[in-house]
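Given next are the chains, with one letter for each unit.
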Amino acid sequence: MPTLMPQALRAMTHLIARRMGSEDAEAAEVADHLVRANLAGHDSHGVGMLPSYVRNFHNGLLVPNQAPETVLDAGALLVIDAKRGFGQQMAANAVKRAIAKAKEMGACVLAFRNASHIGRIGTYAELAASRGCAFTAFVNVADHHDIQATFGAAEARLGTNPFCCAVPGSDGPAVMLDMATTTIAAGKARVAYNKGTTVPDGCLIDADGNPTNDPTGLIRDHAGALRAFGAHKGSGLAVMCEIMTAAIAGGQGSFVPGKGGTLNSMLAIVIDVSKIGDPAKVDADIQAVKTHVKSAKVAPGVEEVLMPGEPERRMAAKRAQAGIDVDDTTWRDIRAAAQSLGIDDAEFDRTVGANRR
Ligand code: NAD
């Protein structure tokens, strides 16, 4: 299993995106996003996504260098259709525009439609938080076979429909909740399958609706489903993510027969917190919430009460030093994807090797 430093994975991703036709800035955005997801500990949304991006590109379901369409730019409303553009680039640009509007007007509601997979939603929250904005996003996943069984269902009807909410701090988000509404993200089942391991109890059902820990059926055969987290409450949030995106934001819904790619739509609310109140007081009150919550007695078997976002920060600090492990199956799949774009082993190894520490 190779362990690679972030700059090696960034260079490799940049090469693959360039060979898909992305211009330099887009390739850099995709590379930075994927490697930051690995650094945060979310290998499900890191460089392991490249084989599916390349497959979608070959099938015409991911369009590099896409020009997004501004459907509406009126007051605090911004509606953008990404038309299957490279998700990380399309979403980062849309969120930057929403932040600029929030800075001007206090808030912006961004209805962002039909991008190819936009990756880790927390990346956009980090962007907003770095500009002093709170960020809340409902996201859906479409064009793909259904993968989430909602509460009470024995088969899948939705995507993993993530939800994200973050508030600004002195250096990025002070607190950031960023999660799939399934017990685990689909990519985590893929990572478990690639490593030949199982997923935790309660995450998965098989094709007959029975609990299972084996991700093989889900990943290899598209059979079975990931369960919604938190019983009826998590399931309800997943349904609202679908409605806020597929109905309110006007993106593609999972009820539309898919072409086998991945489309994300997002309804995001961006608020410049300095326009509501004194930023110093907001900051002090966020700290007070954190201190209060973390002051609780720790439950048996638990080391520490953490805030949402803390595990990712700690992992990023660790992996920036120690490097990122990429399992053998994922590494083989990435090399095969690179080859399908005409990148031979020598060029691949040269690009990665020159950037190893
Ligand atoms: P997860 O279950 O690892 O974490 C979810 C949240 O819980 C995070 O905010 C994390 O900081 C917090 N958390 C974890 N452990 C904690 C603890 N001990 N105490 C307090 N808080 C804790 O994440 P996930 O649901 O597997 O999602 C992974 C990533 O997948 C996210 O970045 C999400 O945006 C992404 N995703 C993207 C898509 C897409 O289609 N683009 C779909 C689904 C998920």
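Calculation criteria
Residues numbered from 1 in each chain as written. Predicted model: local features only at pLDDT ≥ 70, side-chain atom pairs only at ≥ 80, totals over all residues. Heavy atoms only, no water. 1 Å grid on protein atoms, 1.4 Å probe; cavity = no way out; pocket = protein on both sides within 12 Å on 5 of 7 lines; lining within 4 Å. Points joined across faces, edges and corners; volume = space filled by probe spheres on them. Helix = DSSP H or I, 4+ residues; strand = E, 2+ residues; numbered from the N terminus. Nonpolar A, V, L, I, M, F, W, Y, C, P; charged D, E, K, R; others polar. Salt bridge = Lys/Arg side-chain N within 4 Å of Asp/Glu carboxyl O. Pairing = 2+ DSSP bridges. Axes fitted to C-alpha atoms, helices over the stretch in contact; angles between N-to-C directions. Patch = residues over 30% accessible without salt bridge, like charges linked within 9 Å, V, L, I, M, F, W, Y side chains within 5 Å. Areas by Shrake-Rupley, 256 points an atom, 1.4 Å probe, with all protein chains shown as cover. Buried < 20%, exposed > 50% of the residue type's maximum accessible area, 1.4 Å probe, protein only. Phe/Tyr/Trp six-rings, centres within 6.5 Å; stacked < 30°, edge-to-face > 60°. Parallel < 35°, antiparallel > 145°, perpendicular 65-115°, else oblique. Contact = heavy atoms within 4.5 Å. Near = heavy atom within 4 Å. Polar contact = N/O pair within 3.5 Å; in protein donor to acceptor, adjacent residues only side chain to side chain. Sits in = over half its atoms within 2 Å of the grid points.

Asker: Can you break down the layout of surface pockets residue by residue, with the values?
Answerer: A volume near 1,100 Å³ is recorded for the largest pocket. Among the secondary structure elements, those contributing two or more residues to the lining of the largest pocket are helix 3 (50-58), strand 8 (172-179), helix 6 (186-195), helix 7 (216-221) and helix 11 (328-340). Looking at the lining of the largest pocket element by element, the count peaks at 6 residues for helix 6. Roughly 460 Å³ of internal volume is contained in the second largest pocket. Lining the second largest pocket we find 22 residues, and of these Glu126, Pro173, Gly309, Glu312 and Arg313 sit closest to its centre. Going through the elements one at a time, helix 2 (24-39), strand 8, helix 9 (279-294) and helix 10 (310-322) are the ones with two or more residues in the lining of the second largest pocket. Class assignment for the residues of the lining of the second largest pocket results in 10 nonpolar, 2 polar and 10 charged.

Asker: Break down the pattern of salt bridges for me, citing the residues and quoting the values.
Answerer: Close approach of charged atoms allows side chains of opposite charge to pair. Overall, the coordinates contain 22 salt bridges when judged by the stated rule. When the shortest N-O distance is used, the salt bridge between Glu155 and Arg157 registers 3.5 Å.

Asker: How would you sum up the sheet that holds strand 4 (residues 107-116)? Please name residues and give values.
Answerer: Sheet architecture is open: 7 strands sit in the order 2-3-4-12-5-7-8, paired in mixed fashion. Unpaired on one side and paired on the other, strand 2 (69-74) and strand 8 mark the two borders of the sheet. Pairwise comparison of adjacent strand axes, ignoring direction, gives a mean angle of 10° for this sheet. Alignment of strand 5 (residues 133-142) against strand 7 (residues 163-169), held across 4 bridges, turns out to be antiparallel. By the bridge assignment, Thr136 is partnered in strand 7 with Cys165.

Asker: Lay out a nonpolar patch on the surface in plain terms, naming residues and giving numbers.
Answerer: On the surface, Val239, Met240, Ile243 and Ile248 cluster together into a nonpolar patch covering about 330 Å² of accessible area. Looking at where Val239 falls in the secondary structure, it is placed in helix 8 (residues 231-248). Using a relative accessible area of 33% as the deciding quantity, one classes Val239 as partly exposed.

Asker: Report on the packing of aromatic side chains, specifying residues and quantitative values.
Answerer: When we look at a pair of aromatic rings, we describe it by the centre distance and by the angle of the planes. Per the stated rule, a full pass over the model turns up 3 aromatic pairs. Ring centres 5.9 Å apart and planes at 85° place the aromatic pair Tyr53 and Phe86 in the edge-to-face group. Placement of the pair is Tyr53 in helix 3 and Phe86 in the loop between strand 3 (77-81) and helix 4 (87-105), with a sequence separation of 33 residues. Using a relative accessible area of 1% as the deciding quantity, one classes Tyr53 as buried.

Asker: Outline empty space enclosed by the protein, listing residues and values.
Answerer: By the definition in use, this model includes 1 cavity of 30 Å³ or more. Considering only enclosed or pocket space, the largest cavity measures out at about 100 Å³ in volume. Lining the largest cavity are Asn38, Asp43, Val47, Gly48, Arg190, Val191, Lys195, Asp325, Val326, Asp327 and Thr330. Counting residues per element, the lining of the largest cavity draws most heavily on helix 6, at 3 residues. Each residue belonging to the lining of the largest cavity can be placed in one class, and the counts come to 3 nonpolar, 3 polar and 5 charged.

Asker: Now, about the packing of helix 2 against helix 4: what can you tell me, with residues and values included?
Answerer: For the pair helix 2 and helix 4, interaxial distance at closest approach is 8 Å and the crossing angle is 95°. In terms of axis orientation, helix 2 runs roughly perpendicular to helix 4. Between helix 2 and helix 4, the contacting residues are Ala25, Glu26, Glu29, Val30, His33 and Leu34 on the first element and Gln88, Gln89, Met90, Ala92 and Lys96 on the second. For the contact of helix 2 with helix 4, the residue count by class is 5 nonpolar, 3 polar and 3 charged.

Asker: Before we move on, can you summarise the sheet that holds strand 9 (residues 204-205) with the specific residues and values?
Answerer: With mixed pairing, the 4 strands of this open sheet are ordered in space as 6-11-9-10. Strand pairing shows two members of the sheet lacking a second neighbour, strand 6 (148-149) and strand 10 (211-212), which therefore form its edges. Alignment of strand 9 against strand 11 (residues 225-227), held across 2 bridges, turns out to be antiparallel. Residue pairing across strands places Leu204 opposite Leu226, the latter belonging to strand 11.

Asker: An account of the site of the ligand is needed here, citing residue identities and associated values.
Answerer: The ligand sits among 22 residues. The nearest are Asp178, Ala180, Lys188, Gly309 and Glu312. At a separation of 3.1 Å, a nitrogen atom of the ligand approaches a polar side-chain atom of His45. Between Gly119 and the ligand, the recorded distance is 2.8 Å, taken from a backbone N or O atom to a nitrogen atom. Isolated, the ligand exposes 860 Å² of accessible area, and the fraction of that covered by the protein chains is 79%. Spatially, the ligand is embedded in the largest pocket. Elements with a minimum of two residues in the shell around the ligand: strand 8 and helix 10. In terms of residues, the shell around the ligand owes the most to one element, strand 8, which gives 4 residues. Classifying every residue of the shell around the ligand by side-chain character gives 11 nonpolar, 7 polar and 4 charged.

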